[in-house]
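Working through the structure, step by step
One-letter residues, chain by chain:
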Amino acid sequence: MTNSKELFREVVRQIALPESKAEIESIAYLLLEKKWNINRTDILTQKHVTINQPEVDAYIERINAHEPIQYVLGEADFYGRLFRVNPSVLIPRPETELLVQQIIQYSKSIDKPITILDIGTGSGCIAISLALELRCTIKAIDISSAALAVAQENATRLKANVSFMESDILNNSLTEKFDLIVSNPPYISQLEKQNIKPNVLNYEPHLALFPIGEDPLLFYRVIAAQAQRALHPNGSLWFEINEHYGKEVCEIMKVNGFDNSEILKDWNGKDRVVWGALS
Ligand code: GLN
């Protein structure tokens, strides 16, 4: 038996990250709570718990190797829900919540059930959140079968009705029609790669971060061209974007028939979403 307060202190002491004390403590609280069900009250009241020390050490080792805490815990928060994650999917980002929020707002103003396609679904966080918030029929595709397994598990756990399919958008044409298409494709350029933090670069799937080849806008070109054919009249296309390419993405939208696309800023004031509708 271990005193949970001592366990907490020991975990805090052993976490050797360059973060502030408050952040390290919050990682320790999260770890104890999620892995051994030890909450803050248990720690305060010094509840006695039975834990397996080698297991504790193994988690601390992963944290100290800069593995993102979401992978260590196996879950991440997104739009008010918990999603399972592992290194075959990108960890859902708060910026992507903006994309979801804006789509929900827009779609609620259309007074009928809509059909949606999510391209490059990853953990499924966008598709599942939309399925649970809107009256819609939603499909989601990804090139990675490992990612789709995570997405399917999330949909089942969260009771969301999404149909998943393995497909590479660069090499397959869309055959169905939709009212709305959304994508958060890989958009980190080769130049930016050098500035990415090791916890992202060493752990998150490169397939989801970096477009193939030199063109950081490759997915935007392909998806916008496909969307022009695969959307119903008045259908809309929604992208999460690299903050440096707002104008370029709008230009790609224009070339493909989305005349009045709009750039939306995230909570850090950075260009983060581009959307437009077919006329
Ligand atoms: N926003 C992610 C990051 O900064 C990148 C997501 C993406 O490439 N689609 O790590």
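Described below are features of the structure shown in this document. Given the structure is predicted, the values throughout are model-derived calculations rather than measurements.

Turning next to helix 1 (residues 4-14). Those residues of helix 1 not exposed but buried are Ser-4, Leu-7, Phe-8, Val-11 and Val-12. Taken down its axis, helix 1 places every buried residue within 135° of arc, on the same side. Residues of helix 1 that are exposed and point more than 90 degrees away from the buried face comprise Glu-6, Arg-9 and Arg-13. On its buried side, helix 1 packs onto strand 1 (2-3), helix 2 (21-36), helix 3 (40-44), strand 2 (48-49) and helix 4 (53-64). Sitting at the head of helix 1, Asn-3 places a side-chain oxygen 2.8 Å from the backbone nitrogen of Lys-5.

Bringing the pairing of strand 11 (residues 271-277) into the picture now. Where burial is concerned, most of strand 11 is hidden: 6 out of the 7 residues are buried. With 5 bridges joining them, strand 9 (residues 231-240) and strand 11 adopt antiparallel strand pairing. Looking across to strand 11, one finds that Trp-238 is bridged to Trp-275. Of the pairings in the sheet, the one linking strand 10 (residues 262-265) to strand 11 comprises 4 bridges and is antiparallel in character.

The next subject is the site of the ligand. For the ligand, the full set of nearby residues is Leu-90, Arg-93, Asn-184, Pro-185, Pro-186, Tyr-187, Ile-188, Ala-208, Leu-209 and Glu-240. At a separation of 3.0 Å, a nitrogen atom of the ligand approaches a polar side-chain atom of Tyr-187. Each residue belonging to the shell around the ligand can be placed in one class, and the counts come to 7 nonpolar, 1 polar and 2 charged.

On to the side chain of Ser-123. Checked against the element boundaries, Ser-123 lands in the loop between strand 5 (114-119) and helix 7 (125-133). Assessed through its relative accessible area of 2%, Ser-123 is described here as buried. Apart from the residues lying within four places of it in its own chain, the contact partners of Ser-123 are Phe-83, Arg-84, Val-89, Leu-90, Pro-92, Ile-128, Val-150, Ala-151 and Asn-154.

The rules behind each value
Residues numbered from 1 in each chain as written. Predicted model: local features only at pLDDT ≥ 70, side-chain atom pairs only at ≥ 80, totals over all residues. Heavy atoms only, no water. Buried < 20%, exposed > 50% of the residue type's maximum accessible area, 1.4 Å probe, protein only. Helix = DSSP H or I, 4+ residues; strand = E, 2+ residues; numbered from the N terminus. Arc of directions from axis to C-beta. Contact = heavy atoms within 4.5 Å. Polar contact = N/O pair within 3.5 Å; in protein donor to acceptor, adjacent residues only side chain to side chain. Pairing = 2+ DSSP bridges. Near = heavy atom within 4 Å. Nonpolar A, V, L, I, M, F, W, Y, C, P; charged D, E, K, R; others polar.

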